[in-house]
Amino acid sequence: MSFAHTANETSSILTPEGQLISLGDTFADMQNRLKLSPNSMITREFEEGEKLDLAMDYKYEIENMMYTITIVNDRVRKIEWLNTDQEIIDKITE
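For clarity, every value in this text was computed on a predicted model and none was experimentally measured.

### Some thoughts on the environment of Asn-39
Move 1: Along the chain, Asn-39 falls in the loop between α1 (27-34) and β4 (40-48).
Move 2: Separated by 19 residues in the primary sequence, Asn-39 and Tyr-58 place their C-alpha atoms 7.5 Å from one another.
Move 3: Excluding anything up to four places from it in sequence, Asn-39 contacts Lys-59, Tyr-60 and Glu-61.
Move 4: Separated by 3.2 Å, the side chain of Asn-39 and the backbone nitrogen of Glu-61 make a polar contact.

### A short note on the side chain of Thr-15
Move 1: Inspection of the secondary structure assignment puts Thr-15 in the loop between β2 (12-14) and β3 (20-22).
Move 2: In this view, Thr-15 contacts Ile-21, Arg-33 and Leu-34; residues no more than four positions away in its chain are not counted.

### Some remarks on the pairing of strand β6 (residues 65-72)
Move 1: With respect to burial, β6 is a largely interior element, eight of its eight residues being buried.
Move 2: Side-chain alternation along β6 places Met-65, Tyr-67, Ile-69 and Ile-71 on one buried face and Met-66, Thr-68, Thr-70 and Val-72 on a second face that is also buried.
Move 3: Sheet topology note: the strand β5 (residues 51-62)/β6 ladder contains eight bridges and is antiparallel. Paired with Met-56 across the strands is Ile-71, a residue of β6.
Move 4: The turn joining β5 and β6, which pair antiparallel and follow one another in sequence, is formed by two residues; a positive phi near 45 degrees is taken by Glu-63.
Move 5: Where β6 and strand β7 (residues 75-83) come together, eight bridges link them in antiparallel fashion.

### A closer look at the environment of Lys-51
Move 1: Secondary-structure assignment places Lys-51 in strand β5.
Move 2: Residue contacts for Lys-51: discarding those within four places in its chain leaves Phe-46 and Asn-73.

What counts and what doesn't
- Residues numbered from 1 in each chain as written.
- Predicted model: local features only at pLDDT ≥ 70, side-chain atom pairs only at ≥ 80, totals over all residues.
- Heavy atoms only, no water.
- Helix = DSSP H or I, 4+ residues; strand = E, 2+ residues; numbered from the N terminus.
- Contact = heavy atoms within 4.5 Å.
- Polar contact = N/O pair within 3.5 Å; in protein donor to acceptor, adjacent residues only side chain to side chain.
- Buried < 20%, exposed > 50% of the residue type's maximum accessible area, 1.4 Å probe, protein only.
- Pairing = 2+ DSSP bridges.

All quantities given are derived from atomic positions and should not be read as evidence of function.
Following this line, the structure appears as structure tokens:
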């Protein structure tokens, strides 16, 4: 699935069971609260200032939203979301 829109960043998301996943949470906390298998996972370099780390991006589709949760050094470092319905709305209004 590809999207023409850029993702939005957030500091936390609510899981389908009402659990909160926030920046700084551990990878184990994220897995335990989310209780879903990711749609995909990629490993990449994550650059912050002059520091370069290994990052894992986990993608989850939850209720018409695509979330990308970036894990660096066993912690949630970044959360991005994209409304998958927006692409449909844009195509209808073109």
